[in-house]
Every structure is written in C-alpha cells, then in structure tokens.
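Residues per chain are reported as follows:
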Amino acid sequence: MTTKTLYKYAASALALAAFAGTAIAQDRTINNVQSNWAQARAQLNSDIENINGEVSLTAAAINNSFSADVAGDAQIRNAQYTIRGAAAELNADIDGVTGNVSTTAAAIGNSASIAAEGDYASVNNYQAAIGNFDADLNIGVDGVAGDVSGTAAAIGNSLSVEVAGSGANLNNRQFFRGDAVSELNGHVENVTGEVALTSAAIANSASFQIESTDWANVNNYQTTNIDPRAYSNVGVEDVAGDVTSTTAAISNSLSVSTLPNTADVNINSTQLNNAYTGAVANATIADVSGDVSATAAAIGNSVSVSSITDF
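Since the model is a prediction, treat every value here as computed from it, not as a measurement.

A. Inspection of the environment of T98 at higher detail. Among the structural elements, T98 can be located in the loop between strand 5 (86-97) and strand 6 (101-117). The partly exposed category is assigned to T98, whose relative accessible area is 44%. Sequence spacing of T98 and T192 is 94 residues, and the spatial spacing of their C-alpha atoms is 9.6 Å. When residues no more than four places from it in sequence are discounted, the contact partners of T98 are I51, N52, G53, A145 and G146. A distance of 3.1 Å separates the side chain of T98 from the side chain of N52, its partner in a polar contact. Of the polar contacts made by the side chain of T98, one reaches the backbone nitrogen of G53; its length is 3.0 Å.

B. Summary view of the nonpolar core. Formed by 41 residues in total, the largest nonpolar core has its most connected members in I94, V148 and V195. At eight residues, the largest contribution of residues to this core is made by strand 8 (residues 148-191). Residues in contact with V148, not counting those within four places in the same chain, are V101, V141, V188, V191, E194, V195 and A196. Among the nonpolar cores identified, the runner-up in size contains 22 residues, and V70, A74, V161 and V163 belong to it.

C. Looking closely at the environment of V280. With respect to the secondary-structure elements, V280 resides in strand 13 (residues 278-288). Owing to a relative accessible area of 40%, V280 belongs among the partly exposed residues under this scheme. Along the sequence, V280 and T295 sit 15 residues apart, while their C-alpha atoms lie 9.6 Å from each other. If we skip the residues at most four places from it in the chain, V280 touches A230, Y231, S232 and T247.

D. How the structure looks around the confidence of the model for the chain. For the chain, the average pLDDT comes to 91, and 90% of its residues sit at 70 or higher. The low-confidence segment residues 1-5 (pLDDT under 50) makes eight contacts with residues lying over four places distant or belonging to another chain. Taken as a whole, residues 7-25 scores under 50 in pLDDT and shows 43 contacts with residues more than four places along the chain or in a different chain.

E. Highlighting the side chain of N172. Among the secondary structure elements, N172 is positioned in strand 8. Residue classification places N172 among the buried residues on the basis of a relative accessible area of 1%. At 3.4 Å, the side chain of N172 and the side chain of Q174 are in polar contact. Once residues within four sequence positions are removed from consideration, N172 is found in contact with N125, L159, A206, F208, N219, N220, Y221 and Q222.

F. Structural detail: the packing of aromatic side chains. Scanning all chains against the criterion turns up three aromatic pairs. For the ring pair Y81 and Y126, a centre distance of 5.6 Å and an interplane angle of 50 degrees mean the geometry is tilted. In this pair, Y81 sits in strand 4 (residues 74-82) while Y126 sits in strand 7 (residues 120-144), placing the two residues 45 residues apart along the sequence. On the basis of relative accessible area, Y81 is assigned to the partly exposed category, the value being 31%. When the ring centre of Y221 is taken as origin, the NZ or CZ atom of R173, which lies over that ring, is 4.5 Å away.

G. Structural detail: the pattern of salt bridges. For the structure on display, the rule yields two salt bridges. For the salt bridge of R41 with E89, the shortest nitrogen-to-oxygen distance reads 3.5 Å. In this pair, R41 sits in strand 2 (residues 40-51) while E89 sits in strand 5, placing the two residues 48 residues apart along the sequence. One salt bridge in this structure joins D179 and R229, with 3.1 Å as the shortest N-O distance. Taken together, the residues D179 in strand 8 and R229 in strand 10 (residues 228-239) connect sequence positions 50 residues apart.

H. Inspection of unusual backbone geometry at higher detail. One non-glycine residue, N50, adopts positive backbone phi at about 55 degrees. Looking at the secondary structure, you find N50 in strand 2. Judged by relative accessible area, which is 61%, N50 ranks as exposed. Despite not being glycine, N190 has its phi angle at roughly 60 degrees, a positive value. Tracing the sequence through the fold places N190 in strand 8.

About the cut-offs
- Residues numbered from 1 in each chain as written.
- Predicted model: local features only at pLDDT ≥ 70, side-chain atom pairs only at ≥ 80, totals over all residues.
- Heavy atoms only, no water.
- Helix = DSSP H or I, 4+ residues; strand = E, 2+ residues; numbered from the N terminus.
- Buried < 20%, exposed > 50% of the residue type's maximum accessible area, 1.4 Å probe, protein only.
- Contact = heavy atoms within 4.5 Å.
- Polar contact = N/O pair within 3.5 Å; in protein donor to acceptor, adjacent residues only side chain to side chain.
- Core = buried A, V, L, I, M, F, W, Y, C linked by side-chain atoms within 4.5 Å.
- pLDDT = per-residue confidence, 0-100.
- Phe/Tyr/Trp six-rings, centres within 6.5 Å; stacked < 30°, edge-to-face > 60°.
- Lys NZ or Arg CZ within 6 Å of the ring centre and 35° of its normal.
- Salt bridge = Lys/Arg side-chain N within 4 Å of Asp/Glu carboxyl O.

This is the structure we're talking about:
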C-alpha cells in the first residue's frame, strides 16, 4: 500500500464522526474552531458467525472532526486543538461469511475534510495534537467467501482538501507532539477473495486535490516531535486471491495533485521531524493462490506531487 493510499484512508476515516457539509451556490465564509481537553475512547468486542451478507466492524475514537462541502467561492478557516489522546480497540472473531469482511480501529486527534467548487477557494488550516493516539485491532477470521480487510490507524492530524475552479490558495500548518501507535494482530484463513491488512501510524498528513484551471498556491508546514510507531503480527493461510500486509509509520506526509494544464502552480513545503519513526512487522503467509506483498515502512518526511488523471 502506497503513502497515497494511506492518505485516502485517512480522509475516509474522517467521515466516521464528521458532520454533513452543505452545498450552497453562493459565496461562503466558514470559520471553525475546536478544542478538545479530554480523551476519546472506543472499544468494540464482537463474535460474528454464519452471516449471509457483508460484515463491517468499526471502532473509532476522534477528538475533533470538521467537514465542509460547499459550492461557490469559499473562504474556509479551520483551527483544531487537542491536548488529550484517543484510543480505539476492536476485538473480533469472525467465522462463516458469504460476503466481504471489513474491520477498522481508528484513533484520530484532529481531522478535517474540505471540498469546495467555485471560481476561487481559500483554505487555511491549523491543527495541533498533543497526546497518545492508540489503535489496536485484534481479529480472527475463518471461512469468508468474499474479501477481507483489516486496518489499525493511529493519526495525530489529518487534512483532506478537494477544490475545483479557476484558482486556489491553500495553507496548512500541523503540529504533533505525542505517541501515535497502531497495532494489528490477526489470523486469517480459508478466504476465497483477497486479504488486505494494514497497520498505519501517522503524525501529520495533508492531501490536496486541485482541479484548478488557472493557478494554485500551496503552503505546507508540518512538525513532529514524538514517535509514530506501527506494529503488525499476522498469520494468513489458504487464500485464493491476493494477500497484502502493510505496516507503515509516517511522521510528516504531504500529497498534492493538480490538473496537468494548470497554468501556475506554486508549492512551498517545510517538514520538520524530531521523532523516532518505527515499523515492525511479523508475517506468516502460506498456501496462497494469488500474489503476496508484505511491507514495513518507516518514513520521516514525505512529499508527493502528481497530476490528476482520474477526475
């Protein structure tokens, strides 16, 4: 799984606690300030057996969440602060499922998801997360006719922005000081479809998709001071499809994609990492008919710039 895929996961996780945005075809100014001084904790314990359909299990603890979806010229300012951690734990035994199985444990400090469509968009984001963010996923899966996915994600600060129009000014500042720890323990066997297992610990992440025809300015500043760590202990056997195991710890990440024909694009990014970043994976995989991919990745700073090809 690439870092871009992890950004997408981070963006999708925001929707778990986000309020619904509104689409209004006018000029829009939105100012959001959120402060959280207490821990968020979610725990789900499940025994699932003989299900003739899909199974989706989620334990999500999110301290601050903001979502906006607007049409028209937009000026959006978001400021989020949390000085306590978040903990999410999912324990599940799953046996005999005819459809797909999805399991997620997500602990997130600050999350923001912003979409704007108009001639002009201005986004100013500031996020500060201090505390311990722990995501634990413990699963046993046996006898699934569809696909199986398991994700443990611990994220300090996450920002996802999609804008469309003639021009955009986009500014992001993220500060993280604390532990982000993800742990996935799983045993999966007798699966007809594919198996994807992910443990991701991310301090700061920002993703910008810009469908701007004329110009775009992106300013990014990210700092991490204490440690993101990702752990995986997985056993997989008797799988007809592909098997993917990803263990990734990332301190600062930025992804920017723009239209290939945008006339002027200016990107200024500063990433400062002063944290130990660690990824440890233990995987036993046997009797797989498809392809097998196992990754352990520890990344201090990452910047990805690309062109939009699938909008």
